[in-house]
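# Descriptive structure summary
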Amino acid sequence: MENITQPLNETLITKYLSAADYNPTHDAMLERTLERIALKKEQDIRTPDELWIVDHNDVYTLGQAGKEEHILQRTDTPIIKTDRGGQVTWHGHGQLVVYWLFDLHSLGWSVRNLVSHAEQAIEDVINECLQDSEASSNNISAHARRDAPGVYLYADMPEPDSNTDMQTNDTPDDDKIMLGKMASLGFKIKHGFSYHGIAVNLNCDLSAFNAINPCGYAGMQMLRLSDFVTMQKAPSAQDTQQISNALSYEQVTQKLIDNIAKRHAGLIELRAIAPK
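Each value, and the rule that gives it
- Residue positions are counted from 1 within each chain, in the order its sequence is given.
- Local features in this predicted model are restricted to residues whose pLDDT is 70 or higher, and side-chain atom pairs enter the listing and the counts only when it is 80 or higher, whereas totals over whole chains, interfaces and linings include all residues.
- Note that the side-chain values use all heavy atoms of the structure and ignore hydrogens as well as water.
- How sure the predictor is of each residue is captured by pLDDT, a score from 0 to 100.
- The contact criterion used throughout is that any non-hydrogen atoms of two residues lie within 4.5 Å.
- Each helix is a run of H or I in the DSSP string that is no shorter than four residues. Each strand is a run of E no shorter than two, and both are numbered from the N terminus.
- As used in this structure description, the phrase polar contact means that two N or O atoms lie within 3.5 Å; if the pair is within protein, one of them must be able to donate a hydrogen and the other to accept it, and residues adjacent in sequence are counted only when both atoms belong to side chains.
- DSSP calls a pair of strands paired once it identifies at least 2 bridges connecting them.
- As a rule, the C-alpha atoms of each element are fitted with a line to give its axis, helices using only the stretch in contact, and angles between N-to-C directions run from 0 to 180 degrees.
- Between Lys or Arg on one side and Asp or Glu on the other, a salt bridge is scored when a side-chain nitrogen of the former is within 4 Å of a carboxyl oxygen of the latter.
- For a helix, the expected span equals 1.5 Å multiplied by the residue count minus one.
- Burial here depends on accessible area, computed with a 1.4 Å probe over protein chains only, as a share of the maximum for the residue type. Under 20% is buried, over 50% is exposed, and the range in between is partly exposed.
- In this description, a nonpolar core means a group of buried Ala, Val, Leu, Ile, Met, Phe, Trp, Tyr and Cys residues linked to one another through side-chain atoms lying within 4.5 Å.
- Side-chain rings of Phe, Tyr and Trp, where Trp is taken by its six-membered ring, are said to pair if the distance between their centres is within 6.5 Å; with planes under 30 degrees apart they count as stacked, over 60 as edge-to-face, and otherwise as tilted.
- Only lysine NZ and arginine CZ atoms are considered, and such an atom sits over a ring when it is within 6 Å of the ring centre and within 35 degrees of the ring normal.

### Regarding the confidence of the model for the chain
Taken over all residues, the pLDDT of the chain has a mean of 89, while the share at 70 or more is 87%. When the criterion is pLDDT under 50, residues 164-169 qualifies, and its contacts beyond four places in sequence or with other chains add up to five contacts. Contacts of residues 235-242 to residues separated by more than four positions or lying in other chains number three contacts, the stretch itself having pLDDT below 50.

Right, here's the structure in full:
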């Protein structure tokens, strides 16, 4: 497991973990969070917040209140119970996982603020990528839902037949229809410190989700960014001209880190959240 740490500024650092097994990563994340809690309580020391950028080896994780019934079939992929919120999900290569080890009290964030910043950061980055691609001509956009955590893709709804009502109450606007889910999130808060975080499907194999009800939603269609924008698959093996207009996993990762860092610094404010 490769481990690289890079300071972004005095209050935020990034740590990169590649080919990471879930249990050792979780244990290290929890240990670091407990260390930070102790330093603040015992010595009033504010430690830098951390973003852990993780490329996980294949794993299914089941949240603290997760129900086994949402695991539809057993495969060779490990199933691990963990202490985050939410139901069952999958992590693996080609999926961008970012763990937010934040001191919410020092930031002045509520748990709702944390969730909204996470969703809106993902929205910003996915929409930027979509706007620079052919997807923009199809009027596809990313939005959080009012009734379920995560980020979903929506398309402009075709003109409804005069005898048919196609509107649904889980869309961000009456004129959009949901295509599926591209990003999941689940946090754990301990003494005002957050850990766990978000997972964004970039160019992963979505078939792993067929064995579960993703996040507890039966029939939820999972999506990946590479089906909507051109993404590099193996940059080192491809001709540079062929991939000149293609996004890399690393470029999307950096866009997301930059957006989160600006939110952490107070440079991007939360947008209004639509009422239920």
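### Points about the environment of W52
Here W52 is to be found in strand β3 (residues 49-56). Remark: the alpha-carbon pair of W52 and T25, spanning 27 residues in sequence, is separated by 9.7 Å. Within polar-contact distance, the side chain of W52 engages the side chain of E50 at 2.8 Å.

### Focus on the side chain of T33
Note on placement: T33 falls in helix α1 (residues 22-43). A distance of 2.9 Å separates a polar atom in the side chain of T33 from the backbone oxygen of M29.

### Description of the sheet that holds strand β6 (residues 88-91)
Spatially, three strands are ordered β5-β4-β6 in an open sheet, and the strand pairing comes out mixed. The open sheet is flanked by β5 (79-81) and β6, the only strands paired with a single partner. For this sheet, the mean inter-axis angle between neighbouring strands, taken without regard to orientation, is 30°. As paired elements, strand β4 (residues 59-62) and β6 share four bridges and run antiparallel to each other. Counterpart to Y60 in the pairing with β6 is W90.

### Examining the pattern of salt bridges
Within the structure shown, the criterion is met by 13 salt bridges. Between R145 and D147 there is a salt bridge, and its shortest N-O distance comes to 2.8 Å. The network of salt bridges with shared partners includes E123, D124, R263 and R271.

### Some points on helix α4 (residues 249-264)
The end-to-end C-alpha separation of α4 is 23 Å, in line with the 22 Å expected for 16 residues at 1.5 Å each. Those residues of α4 that fall on the buried side of the exposure criterion are Y249, V252, T253, L256, I257, N259, I260, A261, R263 and H264.

### Digging into the pairing of strand β9 (residues 151-156)
Burial within β9 is extensive, with five of its six residues counted as buried. For strand β8 (residues 140-144) and β9, the ladder comprises five bridges, and the chain directions are antiparallel. The partner of S141 across the bridge, within β9, is Y154. Counting the residues between successive antiparallel strands, the hairpin from β8 to β9 contains six residues, one of them, G150, with a positive phi of roughly 120°.

### Describing the nonpolar core
For soluble globular proteins, nonpolar side chains are generally found buried alongside one another. Ranked by size, the top nonpolar core spans 42 residues in total, and within it V98, W100, F102, I126, I198, L225 and L256 carry the most contacts. The greatest single-element share of this core, amounting to nine residues, is contributed by helix α3 (residues 111-131). In this structure, V88, W90, F209 and I212 belong to the second largest nonpolar core, which totals 16 residues.

### Some details on unusual backbone geometry
Non-glycine residue H191 carries a positive phi angle of around 50°. Within the secondary structure layout, H191 lies in the loop between β10 (176-190) and β11 (193-201). If you check the backbone angles, C215 has positive phi at about 55° while not being a glycine. By the element assignment, C215 lies in the loop between β11 and α4.

### What to know about the packing of aromatic side chains
Centre-to-centre distance and the angle between the planes together describe a pair of aromatic rings. A full pass over the atoms with the stated rule returns four aromatic pairs. Ring geometry for W100 versus F102: centroids 5.2 Å apart, planes at 55°, classification tilted. Of the two residues, W100 and F102, both sit in the buried class. The structure contains a cluster of three or more aromatic residues connected by ring pairs, namely W100, F102, W109 and F187. For R145, the ring lying beneath its charged end belongs to Y152, and the centroid distance is 5.0 Å.

### A few points about the environment of H93
If you trace the backbone, H93 turns up in the loop between β6 and β7 (95-101). Distance in space between the C-alpha atoms of H93 and L202 is 9.4 Å, their sequence separation being 109 residues. Contacts of H93, omitting those with residues within four sequence positions, involve A19, D55, H56, N57, D58 and C204. Here D55 takes part through its side chain, which lies 2.8 Å from a polar atom of the side chain of H93. At 3.2 Å, the side chain of H93 and the side chain of N57 are in polar contact.

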